[in-house]
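Each chain is listed here by its residues.
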Amino acid sequence: MSTCTSLRSLLNSTTLPQNEAKILLAYILEKYYQLPRSALLSRDEMTLSTPAFDEWQDLETRRCSGEPIAYLVGKRGFHNIELYVAPGVLIPRPETEILVEIALREIIKSSGEVKVLDLGTGSGAIALALAHSSQNALLTATDQSLEALEIAKRNAQELGLADRVQFLQGNWFAALNRSEAKNQFDLILSNPPYIAAGDRHLTEGDLRFEPSSALTDGANGLSCLENIISQADFYLKPDGLIALEHGFDQATAVMILMKMAQFQDIQVHQDLAGHPRATSGRKPRPE
Ligand code: GLN
């Protein structure tokens, strides 16, 4: 194949699904020609320069061997924002938007500032979507991975939200100053690694390329959820809410853990596929 091949013939001859090929070609058009995706239609006779064509071939080959589209183009939409993503962070998923929606429902009930903690922020998805959607949300976002925090900070900068989110490094609550953070948060959110070690999903699709520390706890899938739930009460204000994402088959276990930790008003939230995907609970007010 040569560089004299038109966009239309590239699309006709690729072995990739059309929607994927179009995303990759749109990325090339933007990068090399500052053209919008619609140029795939309006300029379908156009041929690519040698560097643009070489990059297309490289992306096509890498996609054929399974690399996630989001890593190939370096971005993924989430809620109302677009995030830069790279192999150091989990690719944001639509089901995680449930946590953002739960948090926003809580934030609009309050007239003043709402302090939110996002544990294991990865690309910054949850924290930045909230900061973007609500002026009242004041975010603290943690991650154990310095690489993830670099990516999250870059996203905060690019979205103009750097002054609304404080990023801290550490393992779950260990990132915080324990005495200063006591009873401080109105909301605690997290999408922790909840896939059990050895689960076959870890060897399929995008997950093969994502950081395993963001996907699995290396145990039964519940250990990080349990760790977070058991410590959350200390950091929440009375009446504060905790909301956690979990696997489709973990809702009962998470509800039991929340009950054991004395949370009230425990609710399970479904994702778009109808799976129980997040559970929330409220810290009781003092008697
Ligand atoms: N939701 C992801 C998946 O199943 C897993 C992310 C996680 O463990 N937090 O693909």
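Residues numbered from 1 in each chain as written. Predicted model: local features only at pLDDT ≥ 70, side-chain atom pairs only at ≥ 80, totals over all residues. Heavy atoms only, no water.

Chemist: Looking at this structure, how should I read the pairing of strand S4 (residues 137-143)?
Modeler: If a strand is regular, its side chains alternate between the two faces of the sheet. For S4, the buried fraction is high: six of the seven residues fall into the buried class. As judged from the six bridges shared by strand S3 (residues 114-119) and S4, these two strands associate in the parallel manner. From the neighbouring strand, Asp118 faces S4, where its bridge partner is Ala141. On the question of chirality, the crossover connecting S3 to the parallel S4 by way of helix H7 (residues 125-133) is right-handed. (Buried < 20%, exposed > 50% of the residue type's maximum accessible area, 1.4 Å probe, protein only. Helix = DSSP H or I, 4+ residues; strand = E, 2+ residues; numbered from the N terminus. Pairing = 2+ DSSP bridges. Right-handed = clockwise from strand over helix to strand, strands pointing away.)

Chemist: I would appreciate a short explanation of the environment of Tyr27 in the present structure.
Modeler: The topology assignment puts Tyr27 in helix H2 (residues 18-33). In this structure, the C-alpha to C-alpha distance between Tyr27 and Leu72, residues 45 residues apart in sequence, is 9.3 Å. In this structure Tyr27 touches Glu55, Leu59, Leu72 and Val73, once residues within four positions along its chain are discounted. (Contact = heavy atoms within 4.5 Å.)

Chemist: Help me out: how do you make sense of the nonpolar core in this one?
Modeler: Where a protein is soluble and globular, its nonpolar side chains tend to be buried together. One finds Ile107, Val116, Leu130, Leu139, Val165, Leu187 and Leu189 to be the most contacted residues of the largest nonpolar core, which totals 33 residues. Aside from chain neighbours lying at most four places away, what touches Leu130 is Val100, Ala103, Leu104, Ile107, Val116, Ala137, Leu139 and Leu189. Counting 29 residues, the second-largest nonpolar core is a separate cluster that includes Ile188, Ile195, Leu225 and Ala232. (Core = buried A, V, L, I, M, F, W, Y, C linked by side-chain atoms within 4.5 Å.)

Chemist: Help me out: how do you make sense of the packing of aromatic side chains in this one?
Modeler: Aromatic ring pairs are defined here through the distance separating the ring centres and the angle between the ring planes. All chains considered together, the criterion is met by two aromatic pairs. Seen from their ring centres, Phe173 and Tyr235 are 4.5 Å apart, and the 5 degrees between their planes marks the pair as stacked. In this pair, Phe173 is assigned in the loop between strand S5 (165-169) and helix H9 (178-181) and Tyr235 in helix H11 (residues 223-235), connecting sequence segments 62 residues apart. Each member of the pair, Phe173 together with Tyr235, is buried. With 4.9 Å between their ring centres and 70 degrees between their planes, Phe234 and Tyr235 make a pair best called edge-to-face. Residue class for Phe234 comes out partly exposed when judged on its relative accessible area of 22%. Positioned over the ring face of Tyr84 is Arg154, at 3.5 Å from the centre of the ring. Over the ring of Phe234 we find Arg178; its NZ or CZ atom is 3.8 Å from the centre of that ring. (Phe/Tyr/Trp six-rings, centres within 6.5 Å; stacked < 30°, edge-to-face > 60°. Lys NZ or Arg CZ within 6 Å of the ring centre and 35° of its normal.)

Chemist: Mind showing me how you'd approach the pattern of salt bridges here?
Modeler: Proximity of charged atoms lets side chains of opposite charge pair with each other. The tally for this structure, following the rule as stated, stands at 16 salt bridges. When the shortest N-O distance is used, the salt bridge between Glu45 and Arg8 registers 2.2 Å. You can see Glu45 sitting in the loop between helix H3 (39-42) and helix H4 (50-64) and its partner Arg8 sitting in helix H1 (residues 7-13), a full 37 residues away along the chain. Across the salt bridge formed by Arg277 and Asp271, the nearest N and O atoms sit 3.0 Å from each other. On the accessibility criterion, Arg277 (10% relative accessible area) is buried. Residue Asp271 is classed as buried on the basis of its relative accessible area of 10%. (Salt bridge = Lys/Arg side-chain N within 4 Å of Asp/Glu carboxyl O.)

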